[in-house]
Amino acid sequence: HAPCSSTPPLALAVCAVRLCCWRRAACGVGASGGVDEYDARDAEIMRHAQAAAQLHNMGRVEEAVRKLDDAEASFKAARALRPKDPQAFVTIATAMLNSQRFDDAMKYWKEAATLVQDSHAREWIRGRMRWSAYGKVSTKRDGIYSQGQGNLTRALALITKQVKIYPEFPTLHHDKATTHIMLSAM
């Protein structure tokens, strides 16, 4: 079916998004005033998120959750140093997205969007917000659809939500039509 979030939580590698140019250009942040400490906290977020992914992939889910909590603690430390710098928001949002904590990701993406003045950067963040919303609906759909054995009526409602998020995805329209056919054959 359509591209979705069928990958187990935390299985995706944490994206190493660097937005130093945004920090300088969009936020006016220079090389002084705690950037080194801020960057260290931002790097911690990524390290904790990567460790969480590895632990989850080894089946050590409780430890993985604790590592994500550590990532959020590092984020809070970075935010305390530079509350108007979007980098840590982007890093933690990426970690939450990759961990399939979509609501948390959306919260951080929204905050990052308010901190970025560059229209291209803001548009990129909006795209990540859109992908987070799609991931949330896709994960629900995967659970409900259950390889054609689940609740097709509820799956169809979720496909409709997916189409609203990404109307240009032809596979979603195919999935919607196929589900309609499956329902009419019942």
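Residues numbered from 1 in each chain as written. Predicted model: local features only at pLDDT ≥ 70, side-chain atom pairs only at ≥ 80, totals over all residues. Heavy atoms only, no water.

### A closer look at the overall build of the chain
Along the chain, the regular secondary structure elements total 8 helices and 0 strands. Counting from the amino terminus, the chain carries its helices and strands in the arrangement α-α-α-α-α-α-α-α. For the chain, the proportion of its 186 residues judged to be buried stands at 44%. Sequence-distant contacts in the chain: of pairs separated by 6 or more residues, those separated by 24 or more amount to 67%. (Helix = DSSP H or I, 4+ residues; strand = E, 2+ residues; numbered from the N terminus. Buried < 20%, exposed > 50% of the residue type's maximum accessible area, 1.4 Å probe, protein only. Contact = heavy atoms within 4.5 Å.)

### Some points on helix 6 (residues 119-145)
If you check helix 6, its first and last C-alpha atoms are 38 Å apart, about what 27 residues at 1.5 Å a residue would give, namely 39 Å. For helix 6, the full list of buried residues reads Ala121, Ile125, Met129, Ser132, Tyr134, Gly135, Val137, Ser138, Arg141, Asp142, Ile144 and Tyr145. Ser146, located one to two residues past helix 6, shows a positive phi value of around 50°. (Expected span 1.5 Å × (residues − 1).)

### Focus on the pattern of salt bridges
As enumerated under the stated definition, the model contains 10 salt bridges in all. Two residues, Lys67 and Asp70, come together in a salt bridge whose shortest N-O distance is 4.0 Å. Note that Lys67 and Asp70 are positioned in helix 3 (residues 61-81) at a spacing of 3 residues, about one turn of the helix. By relative accessible area, Asp70 is classed as partly exposed at 33%. The salt bridge involving Glu123 is made with Arg126; its shortest N-O contact spans 3.4 Å. Of this pair, Glu123 and Arg126 both sit in helix 6, 3 residues apart, roughly one helical turn. Accessibility expressed as a relative area gives 48% for Glu123, which makes it partly exposed. (Salt bridge = Lys/Arg side-chain N within 4 Å of Asp/Glu carboxyl O.)

### Quick word on the packing of helix 3 against helix 4 (residues 87-98)
Orientation of helix 3 relative to helix 4, taken along the N-to-C sense of each, is 165°, at an axis distance of 10 Å. It follows from the interaxial angle that helix 3 and helix 4 lie roughly antiparallel. Seen along the crossing, helix 3 lies across helix 4 with a hand that is left-handed. Of helix 4, the residues touching helix 3 (which contributes Leu68, Ala71, Glu72, Phe75, Ala78 and Arg79) are Ala88, Phe89, Ile92 and Met96. Here the residues of the contact of helix 3 with helix 4 are counted per class, giving 8 nonpolar, no polar and 2 charged. (Axes fitted to C-alpha atoms, helices over the stretch in contact; angles between N-to-C directions. Parallel < 35°, antiparallel > 145°, perpendicular 65-115°, else oblique. Left-handed = near helix turned anticlockwise from the far one by under 90°. Nonpolar A, V, L, I, M, F, W, Y, C, P; charged D, E, K, R; others polar.)

### A closer look at the packing of helix 6 against helix 7 (residues 152-165)
Following both chains from N to C, one finds helix 6 and helix 7 inclined at 165°, their axes separated by 9 Å at the closest point. Compared by their axis directions, helix 6 and helix 7 come out roughly antiparallel. As for how helix 6 packs across helix 7, the hand of that crossing is left-handed. Residue-level contacts link Arg130, Ala133, Tyr134, Val137, Ser138, Lys140, Arg141, Ile144 and Tyr145 of helix 6 to Leu152, Arg154, Ala155, Leu158, Ile159, Lys161, Gln162 and Ile165 of helix 7. Within the contact of helix 6 with helix 7, the residues separate by chemical class into 10 nonpolar, 2 polar and 5 charged.

### Quick notes on the packing of aromatic side chains
Enumeration according to the criterion identifies 8 aromatic pairs in this entry. On the basis of an interplanar angle of 65° and a centroid distance of 4.9 Å, the ring pair of Phe75 and Tyr108 is categorised as edge-to-face. With a gap of 33 residues between them, Phe75 in helix 3 and Tyr108 in helix 5 (residues 102-115) connect regions that are remote in the sequence. The pair formed by Phe75 and Tyr108 is uniform in burial state, with each residue classed as buried. Where Tyr134 meets Phe169, the ring centres are 5.8 Å apart and the plane angle is 75°; that geometry is what we call edge-to-face. (Phe/Tyr/Trp six-rings, centres within 6.5 Å; stacked < 30°, edge-to-face > 60°.)

### A look at the nonpolar core
Nonpolar side chains in soluble globular proteins generally cluster together in the buried interior. Ranked by internal contacts, the top residues of the largest apolar core, which has 28 residues, are Phe75, Ile92, Tyr108, Trp109 and Ile125. Of all the secondary structure elements, the ones that give two or more residues to this core are helix 2 (35-57), helix 3, helix 4, helix 5 and helix 6. Considering each element in turn, this core owes the most residues, 8 residues, to helix 5. In terms of nonpolar packing, the next biggest core, distinct from the first, is built from 13 residues, Tyr134, Ala155, Tyr166 and Leu172 among them. (Core = buried A, V, L, I, M, F, W, Y, C linked by side-chain atoms within 4.5 Å.)

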